[in-house]
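Descriptive structure summary
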Amino acid sequence: MKKIAIIGAGISGLFIANLFKRSSNYQITVYEKSVSIDLDEGYGIQLSVNSVKLLNQIGFDKFKNDQKFNPDKINFYSIESSNKICDLNISDYNSENCKYTTLKRSELVKFLKKDLENVIKINHSISKIVQQNQKIQLIFENNETSECDHLIISDGVFSKSKSLILENQTPPRYNKTLAIRGTIPISQKINCRNISLFLGPDFHYVIYPVNQNGDLNFIAIMKYKLNKEEQKNHSLFNDANFIKRILDKVPIEMREFLDQIKKLKIFPVFVSDSFFKTKNNNMHLIGDAFFSFPPSFAQGASQSIEGAYELFENIENNTESNFFKNRVNKTRMVNNRSKINQFAFHLSNPLTRLFRDFFLKRLVKNKKFLENYLGKIYKN
Ligand SMILES: Cc1cc2nc3c(=O)[nH]c(=O)nc-3n(C[C@H](O)[C@H](O)[C@H](O)COP(=O)(O)OP(=O)(O)OC[C@H]3O[C@@H](n4cnc5c(N)ncnc54)[C@H](O)[C@@H]3O)c2cc1C
């Protein structure tokens with residue numbers, strides 16, 4: 001029986017643990033540094049069909065359907081005029097059992113952890129990783145030690161495991177944007193059946209339903225400079241004066257939502273610039289530890305799920321050495337599109353915005369373009 005150790009109980013770690021758990025050939029343990037699994041309510045997730053298809057293999061299609069939503073469209077609006085620019089039919093990529101899905105992150109995590117209670121070890125923060133021939137030894141901050149045959153690193157964008165095994169790795173880069181997120185109640189002014197994407201200069205925000213009760217997720221991305229000290233200062237994002245300073249910069253047209261946002265949280269967005277290959281074929285990175293994207297293509301969770309599935313299949317088929325190259329190719333495609341989206345969403349010059357809207361109206365109806373831009377990503 002092969003021993004699999006997974007570091008980090010986020011979406012990617014929990015999903016791959018579910019995949020291995022189906023086979024009696026593996027003994028799995030998930031090590032999580034926190035004292036509980038993060039079930040923060042105020043955070044929505046969009047899952048495109050590529051990840052829903054894979055999640056369905058472990059029963060996601062049968063999980064709490066009232067706590068999920070299947071939007072048909074993304075409606076694009078201008079923040080300044082509130083006019084609708086155009087809409088994109090994301091349901092074109094759906095099939096009978098596999099539909100574009102929005103839900104609370106906490107519900108997805110509840111689903112992923114429900115069959116893993118006896119394999120998750122909380123309060124286990126990794127402190128040392130030692131490779132001994134084909135075995136890997138893990139040492140945790142609580143001085144516990146453990147051994148495994150395969151190590152899967154899924155401890156997020158600031159992966160400590162990555163820094164333990166890779167020398168000279170570049171840390172994630174501040175994406176020069178802040179995320180403002182929370183939940184808002186059902187509203188007459190918002191189309192509660194679809195995803196609404198509002199575009200403004202150096203700013204965009206997205207509102208979408210997260211369940212059948214009409215609860216809405218709010219997420220805004222604002223261009224914002226932070227100096228090196230501010231980037232490291234986590235307490236800044238709990239400081240009332242700093243939060244006020246940020247919210248004062250929000251476009252006037254959006255202010256009416258601000259009072260309604262519950263569980264409002266502001267945080268800096270960090271992204272990856274390069275890929276890191278481990279020296280050993282039995283150690284792998286997945287999820288945000290592998291690569292973290294700008295959030296403007298809403299693919300972070302979906303790619304975490306897709307990468308976890310690919311790694312699982314490669315370990316099953318003894319083709320682990322193929323994992324890195326294939327994942328890099330897909331990740332590059334997603335990253336380029338995420339950067340293009342962010343650039344286009346945040347245009348500030350009125351003339352270039354006019355051009356953008358003109359092209360956007362045409363592109364969202366151009367099947368050939370959509371097949372290349374979205375279809376390639378949603379296929380796996
Ligand atoms: C603003 C914003 C909006 C987003 N919106 C979307 C969206 O709509 N759709 C989408 O698909 N994606 C979205 N994403 C991205 C998505 O949330 C992430 O890509 C995804 O959650 C990554 O999952 P993960 O498992 O790799 O990492 P994480 O979810 O970060 O999990 C890492 C886990 O590892 C644990 N850990 C950390 N250090 C250690 C250690 N030393 N030892 C042990 N455990 C450790 C952590 O506590 C955590 O539980 C968004 C991201 C941002 C920033």
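Residues numbered from 1 in each chain as written. Predicted model: local features only at pLDDT ≥ 70, side-chain atom pairs only at ≥ 80, totals over all residues. Heavy atoms only, no water.

1. What to know about the site of the ligand
Lining the immediate environment of the ligand, one finds 34 residues, of which Ser 12, Glu 32, Tyr 43, Asp 288 and Ala 301 sit closest. The contact in question runs from an oxygen atom of the ligand to an N or O atom on the side chain of Glu 32, over 2.6 Å. Separating a nitrogen atom of the ligand from a backbone N or O atom of Gln 46 is a distance of 3.2 Å. Within the complex, the protein chains bury 86% of what would otherwise be the 1000 Å² of accessible surface of the ligand. (Near = heavy atom within 4 Å. Polar contact = N/O pair within 3.5 Å; in protein donor to acceptor, adjacent residues only side chain to side chain. Areas by Shrake-Rupley, 256 points an atom, 1.4 Å probe, with all protein chains shown as cover.)

2. Quick word on a nonpolar patch on the surface
Where nonpolar side chains cluster on the molecular surface, the patch consists of Leu 351, Leu 354, Phe 355, Phe 358 and Phe 359 and spans about 550 Å² of accessible area. Within the secondary structure, Leu 354 sits in helix α11 (residues 350–363). (Patch = residues over 30% accessible without salt bridge, like charges linked within 9 Å, V, L, I, M, F, W, Y side chains within 5 Å. Salt bridge = Lys/Arg side-chain N within 4 Å of Asp/Glu carboxyl O. Helix = DSSP H or I, 4+ residues; strand = E, 2+ residues; numbered from the N terminus.)

3. Some thoughts on the packing of helix α9 (residues 300–316) against helix α10 (residues 323–345)
Think of two packed helices as two axes; the pair is described by the angle between the axes and how far apart they sit. Packing of α9 against α10 leaves a shortest axis separation of 10 Å and a crossing angle of 165°. Judged on the interaxial angle alone, α10 and α9 are roughly antiparallel. When you trace α9 past α10, the crossing you get is right-handed. Counting all contacts with α9, which are made through Gln 303, Glu 306, Gly 307, Glu 310, Leu 311 and Asn 314, the residues of α10 involved are Phe 323, Arg 327, Lys 330 and Val 334. Of the residues that constitute the contact of α9 with α10, the class distribution is 3 nonpolar, 3 polar and 4 charged. (Axes fitted to C-alpha atoms, helices over the stretch in contact; angles between N-to-C directions. Parallel < 35°, antiparallel > 145°, perpendicular 65-115°, else oblique. Left-handed = near helix turned anticlockwise from the far one by under 90°. Contact = heavy atoms within 4.5 Å. Nonpolar A, V, L, I, M, F, W, Y, C, P; charged D, E, K, R; others polar.)

4. Regarding the pattern of salt bridges
A complete count under the given rule lists 22 salt bridges for this structure. Among the ionic pairs, Asp 273 bridges to Arg 173, the shortest N-O distance being 2.8 Å. Of this pair, Asp 273 sits in the loop between β17 (262–271) and β18 (283–285) while Arg 173 sits in strand β13 (residues 173–184), placing them 100 residues apart in sequence. We classify Arg 173 as partly exposed; its relative accessible area is 32%. (Buried < 20%, exposed > 50% of the residue type's maximum accessible area, 1.4 Å probe, protein only.)

5. Considering the pairing of strand β6 (residues 84–89)
Note: strand β5 (residues 73–78) against β6, 5 bridges, orientation antiparallel. Bridging from a neighbouring strand, Asn 75 pairs with Asp 87 of β6. Connecting β5 to the antiparallel partner β6 that follows it, the hairpin turn spans 5 residues, and Ser 82 within it adopts a positive phi of roughly 65°. (Pairing = 2+ DSSP bridges.)

6. Brief notes about the environment of Ser 125
Position of Ser 125 relative to the elements: it lies in the loop between β8 (120–121) and β9 (126–132). The buried category is assigned to Ser 125, whose relative accessible area is 15%. Between the alpha carbons of Ser 125 and Leu 285 there is a distance of 17 Å; along the sequence they are 160 residues apart. The contacts of Ser 125, once residues within four sequence positions are left out, are Lys 33, Phe 140, Glu 141 and Lys 160.

7. Quick word on the sheet that holds β18
Strand order in the open sheet formed by 5 strands is β8-β2-β1-β12-β18, and the pairing between neighbours is parallel. Strands with a single pairing partner mark the edges of an open sheet, and in this sheet they are β8 and β18. Sheet topology places strand β12 (residues 150–153) next to β18; 3 bridges connect them, and they run parallel. Bridge pairing in β18 places Ile 153 opposite Leu 285. Against the sheet, helix α1 (residues 11–21) engages β1 (2–7), β2 (26–31), β8 and β12, with an angle of about 165° to β2.

8. Focus: the nonpolar core
Residues Phe 15, Leu 47, Phe 76, Leu 108, Leu 138 and Leu 151 are the most contacted members of the largest nonpolar core, which totals 88 residues. Each residue touching Leu 151, except ones within four places of it in the same chain, is listed here: Ala 5, Ile 7, Ile 129, Ile 136, Leu 138, Asn 282, Met 283 and His 284. Counting residues in hydrophobic clusters, the runner-up holds 30 residues, among them Ile 180, Ile 184, Phe 198 and Phe 242. (Core = buried A, V, L, I, M, F, W, Y, C linked by side-chain atoms within 4.5 Å.)

9. Focus: the sheet that holds strand β11 (residues 145–148)
Strands sit in the order β9-β10-β11 across an open sheet of 3 strands; the sheet is antiparallel. At either end of the open sheet lies a strand with only one pairing partner, and these are β9 and β11. Each neighbouring strand pair of the sheet contributes to a mean axis angle of 20°, computed without reference to strand direction. Judged from the 6 bridges that link them, β9 and strand β10 (residues 135–140) form a sheet pairing that is antiparallel. Bridge pairing links Gln 131 to Ile 136 in β10.

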